[in-house]
Amino acid sequence: MRPFHALLLLLAAAPIEAAFSWANVVTGGGGGFIPSIVFHPKTQGVAYARADIGGLYKLNSDDSWTPITDGITQDATWHNWGADALALDPQNSDVVYAALGMYTNSWDPNNGCIAKSTNQGSTWTFSNLTFKVGGNMPGRGTGERLAVDPANSNIIYFGARSGHGLWRSTDGGATFSNVTSFTNTGSYRQTPSDTSGYGSDIMGLLFVTFDSTSSTINGATSRIFVGVADNITASVYESTDAGTTWKPLAGQPAAFFPHKCRLQSTEKALYLTYSNGIGPYDGTSGSVWRYDLTTSAWKDITPVSGSNLYFGFGGIGVDMLKPGYLVVAALNSWWPNAQIYRSNNSGSTWTPIWEWSSYPAMNNYYSLSTPNAPWIVPGFWDVTNDEDLGWMIESLEIDPFDSNHWLYGTGLTVMGGHDLTNWDTIHNVSLSTLAKGIEEMAVTTLVSVPGGSELLVAVGDDSGFTYLSSSSLGTPPSTNWLNPGFTTSTDVDYAGLAVADVVRSGNSAGTQQLAVSSNGGGTWSIDYGASTSEYGGTLAYSASGDTVVWSTASQGVLRSQYTGSFASVTGLPATAIIASDKQNDNYFYGGYASTFYVSSNNGQTFAAGGTLSGATQVNDVIVHPKIAGEVYVSTNAGIYLSTNFGSSFTLLTSALTNVYHIALGVGSGSTWNLYAFGTGSAGNKLYGSADNGNTWTDIQGTQGFGSIAGCSLAGSGNVAGQVYVGTNGRGVFYAQGTITGSSSGGSTTTSSSVSTHASSSTTSRASSSTITTTPTTLKTSTHSSTASSSTSTATCTASHYSQCGGLTYTGCTQCATGYTCVFSNSYYSQCL
Ligand SMILES: *[C@@H]1O[C@H](CO)[C@@H](O)[C@H](O)[C@H]1NC(C)=O
Ligand SMILES: *[C@@H]1O[C@H](CO)[C@@H](O)[C@H](O)[C@H]1NC(C)=O
Ligand SMILES: *[C@@H]1O[C@H](CO)[C@@H](O)[C@H](O)[C@H]1NC(C)=O
Ligand SMILES: *[C@@H]1O[C@H](CO)[C@@H](O)[C@H](O)[C@H]1NC(C)=O
Ligand SMILES: *[C@@H]1O[C@H](CO)[C@@H](O)[C@H](O)[C@H]1NC(C)=O
């Protein structure tokens, strides 16, 4: 039996000291939006990318990326994974700046900061701002709104959102102060009616671009350009006196919002892209302009016109070695494909990367490959046969030291190649996904099946992934979950006595959103017991695999046996947490508010089980995979254990409080390890116990997981001491080690080494959690679209495009008639 062998082997090899070193489970394809990539202008081979909810990455010489902000995203500082801007010091390639913060509305309680690293991201210092920064807000692909003076490393500008205007540091980023002479702080709001504050916040400033060819005044670059989200008065402003006074550029295009402003210093020209939307999903018209810095002449160089112009423009790549050579991208051309144009004459003429030959036939002047993430072929490129070039292309860059090397960020991945100049000769370039090392999925659920699939990963936007064995965790899967493919998967579970049987749920109304597999998640088929109005939420598969209980986001808690149609269970509140006994087919469990529920008739009816004395909030319910009737319940007051099918509970531990997800995994001996996210002696972290909750060890170390309330968790069912953490924006981490602990009942903090790339934070960590609203049901509020929280104001309806769910969200959770609440990430579901 596999678990037994693995266990013996690891017992022999395991070190005495705990050593948890965290690494990503590999998908190899990013999996989310890359708003920006920045090359260092003076040092070859130095480049960084930012993700909207997954922090910063540094480019390696083999085209892979290394995450550099994992060490600064502990629970209290989860919002540091939101990167709204990135800047490099032209005079020192070791220096990186980033504007960090996730949301400018109430979902993110903390003000933002400008983070600085002087060692390419190994360690960081922070300059706290007096306002918020919105790395995951509308307009996050414009920019960069942060820039370092090319003539003076002490001078940094930051263009703020929310009407806070322009900010400047003159001490190398230690402090920032308001440039009050810059008075147009922007008034445009993407969705003024959005009461959540997400769409209705002022977009503010969009970019800061220095003219490195201009003279200096007291050591500061004299000529500076700043973009503003203003399509009424003027959007591009200039200072010629090193930021003392500002005026709008004369003759500038009146309509649209500028997204990018790039200097070609040899040409002494700016290239600007415009869209009629602020991005990143929108844009139905736009333009591209060249501004001559010598003559102050504007020239419209938009590549297309008329009915061919049905999109705005996003990324623009300017070749620094070959003046006049450019590439520019349509921000979103959803059909028939993204569009990219190339010019070799400063934008006077352009050629496209594809064109119609004889409709519907197309000439594609490119080849595509994705060896780093083969699942993108069946999961995306083959699905509709369009959009294979991407969407949300806000960043399109040519390596300043290599005219053939280009990269662009999309809503899914990073694309690029090493033969761009082939466009100019044979008009055909080779594109690949080049996101190896970037793991930015929003994970909803993790399951490791004892004796079955090592890891099942349900994710937002990319469906999910199966890793059949531990040895496959470092290999990108050949497919994501397909046939049926759900855009967002909300849960996955297995049958304890038939471990190859797996069930998963999706989150879209209108099609059946339940799929079953009988080969451990290798292949799937639709569960025809599901109707098209049931979706989202969480699942519990009975031990024998005959029954599915589904705590839906839409229809309350339902049950189906033998793939019959689903009907409501009795006695369990809507959105309850659910679990199945893994050894006894008759038993299911539930949790809601402070009550634990049991069903002993195969999920037909539920009744209150044993009391959880002292607890007011059930956050998770798990079962021992091998022992019938052994149930663990995590609560605000600690973890409770029942060994009699939930009839009665004892408080297993109160050394941890505010416990969120918990998991059991194979340990070094016969006792399974217990893992828990909660508040213990080392703070709000991931703890492990090898003695069934008697002692706890901090096994997280300095690895950041973001908000612990938003993390999913699994212990390996097969590999001793292996544990998985699913994050909201940094994919899945895993580590393997031996838990040591004192026998005193307190937790030890000896623990964990960290992965090689982890950086040590120089900021002090706030002791209190930033998660201010404890979700009623962690699973449903984390995962489901109709996420209700305890403070939810029940019966109101959210309008089209408004928020309707999310971890810290407290507003309306019902959508107006005709719209469905669609999960976007743990913090945001939207009426669409
Ligand atoms: C910064 O200055 C601008 C322009 O004077 C002003 O509108 C804005 O309110 C200021 N922001 C803060 C946070 O003081
Ligand atoms: C500014 O842009 C918004 C969004 O595209 C649009 O609704 C509005 O009409 C524009 N205003 C002007 C004056 O063009
Ligand atoms: C560009 O090259 C690819 C790969 O060789 C080829 O499949 C494609 O047909 C070429 N495009 C055109 C328009 O010839
Ligand atoms: C510039 O591009 C045009 C296509 O628009 C092409 O015909 C021409 O050969 C190119 N010139 C050079 C020098 O590459
Ligand atoms: C900056 O803010 C963070 C959290 O937002 C806090 O932990 C830290 O103490 C602050 N630093 C200073 C110097 O105020």
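Quick caveat, the model's predicted, so the values are computed rather than measured.

A. Just the nonpolar core, in detail. The biggest cluster of nonpolar side chains holds 41 residues, and the ones touching the most others in it are Ile-340, Ile-353, Trp-406, Tyr-408, Leu-455 and Tyr-724. Setting aside residues no more than four positions away along its own chain, Ile-340 makes contact with Val-327, Val-328, Ala-329, Thr-351, Pro-352, Ile-353, Leu-396, Trp-406, Tyr-408 and Trp-423. Counting residues in each nonpolar core, the second largest holds 26 residues, with Tyr-675, Phe-677, Val-723 and Phe-733 among its members.

B. Expanded view of the side chain of Thr-421. Here Thr-421 is to be found in the loop between strand E33 (414-417) and helix H3 (422-425). We classify Thr-421 as buried; its relative accessible area is 18%. Among the polar contacts made by the side chain of Thr-421, one reaches the side chain of Asn-404 at a distance of 2.6 Å. Beyond its immediate sequence surroundings of up to four residues, Thr-421 is in contact with Lys-322, Arg-342, Ser-403 and Asn-404.

C. Local environment of the packing of aromatic side chains. Per the counting criterion, the structure on display carries 33 aromatic pairs. Look at Trp-335 and Trp-356: their rings are 5.7 Å apart centre to centre, the planes differ by 40°, and that puts the pair in the tilted class. You can see Trp-335 sitting in the loop between strand E25 (326-330) and strand E26 (340-343) and its partner Trp-356 sitting in strand E28 (residues 354-356), a full 21 residues away along the chain. The exposure class assigned to Trp-356 is partly exposed, which follows from its relative accessible area of 33%. Pairing Tyr-587 with Tyr-589 gives two aromatic rings, centres 6.4 Å apart and planes at 25°, and the pair type is stacked. Ring pairs connect the aromatic residues Phe-20, Trp-22, Phe-677, Phe-705 and Phe-733, which therefore count as one cluster. Above the face of the Trp-524 ring, Arg-504 is positioned so that its terminal group lies 4.3 Å from the ring centre.

D. Molecular detail of the sheet that holds strand E60 (residues 732-736). Strand order across the open sheet formed by 4 strands is E1-E60-E59-E58, with antiparallel pairing between neighbours. Of all strands in the sheet, those with a lone pairing partner are strand E1 (23-24) and strand E58 (712-715), marking the two edges. Sheet analysis places E58 next to strand E59 (residues 722-726), joined by 4 bridges and oriented antiparallel. The partner of Gly-715 across the bridge, within E59, is Val-723.

E. Structural context of the site of ligand 2. With respect to spatial proximity, the complete set of residues near ligand 2 consists of Tyr-188, Asn-231, Ile-232, Phe-257 and Asn-276. With respect to ligand 2, the backbone of Asn-276 contributes an N or O atom lying 2.6 Å from an oxygen atom. Computed on the free molecule, ligand 2 has an accessible area of 360 Å², of which 43% lies beneath the protein chains in the complex. Of the residues belonging to the shell around ligand 2, the class tally is 3 nonpolar, 2 polar and no charged.

F. Summary view of the sheet that holds strand E13 (residues 177-178). The antiparallel open sheet is built from 4 strands, whose spatial order is E10-E11-E12-E13. Only two strands of the sheet have a single partner each, and these edge strands are strand E10 (146-148) and E13.

G. Spotlight on the pairing of E33. Burial along E33 is two-sided: Val-414 and Gly-416 facing one way and Met-415 and Gly-417 facing the other are all buried. Sheet topology places strand E32 (residues 406-409) next to E33; 4 bridges connect them, and they run antiparallel. If you follow Tyr-408 over to E33, its bridge partner there is Met-415. Hairpin connection, E32 to E33: the antiparallel pair is bridged by 4 residues. Direction of pairing for E33 relative to strand E34 (residues 429-433): antiparallel, over a ladder of 2 bridges. From the neighbouring strand, Gly-416 faces E34, where its bridge partner is Ser-432.

H. Molecular detail of unusual backbone geometry. Here the amide bond leading from Gly-279 into Pro-280 is cis, since omega sits at 5°, within 30 degrees of zero. If you trace the backbone, Pro-280 turns up in the loop between strand E21 (269-275) and strand E22 (286-292). Omega for the bond connecting Tyr-359 with Pro-360 falls within 30 degrees of zero, at 5°, which places this linkage in the cis form. A positive phi angle, close to 45°, is found at Asn-658, a residue other than glycine. One can find Asn-658 in the loop between strand E53 (650-653) and strand E54 (662-665).

About the cut-offs
Residues numbered from 1 in each chain as written. Chains lettered and ligands numbered in written order. Predicted model: local features only at pLDDT ≥ 70, side-chain atom pairs only at ≥ 80, totals over all residues. Heavy atoms only, no water. Core = buried A, V, L, I, M, F, W, Y, C linked by side-chain atoms within 4.5 Å. Buried < 20%, exposed > 50% of the residue type's maximum accessible area, 1.4 Å probe, protein only. Contact = heavy atoms within 4.5 Å. Helix = DSSP H or I, 4+ residues; strand = E, 2+ residues; numbered from the N terminus. Polar contact = N/O pair within 3.5 Å; in protein donor to acceptor, adjacent residues only side chain to side chain. Phe/Tyr/Trp six-rings, centres within 6.5 Å; stacked < 30°, edge-to-face > 60°. Lys NZ or Arg CZ within 6 Å of the ring centre and 35° of its normal. Pairing = 2+ DSSP bridges. Near = heavy atom within 4 Å. Areas by Shrake-Rupley, 256 points an atom, 1.4 Å probe, with all protein chains shown as cover. Nonpolar A, V, L, I, M, F, W, Y, C, P; charged D, E, K, R; others polar.

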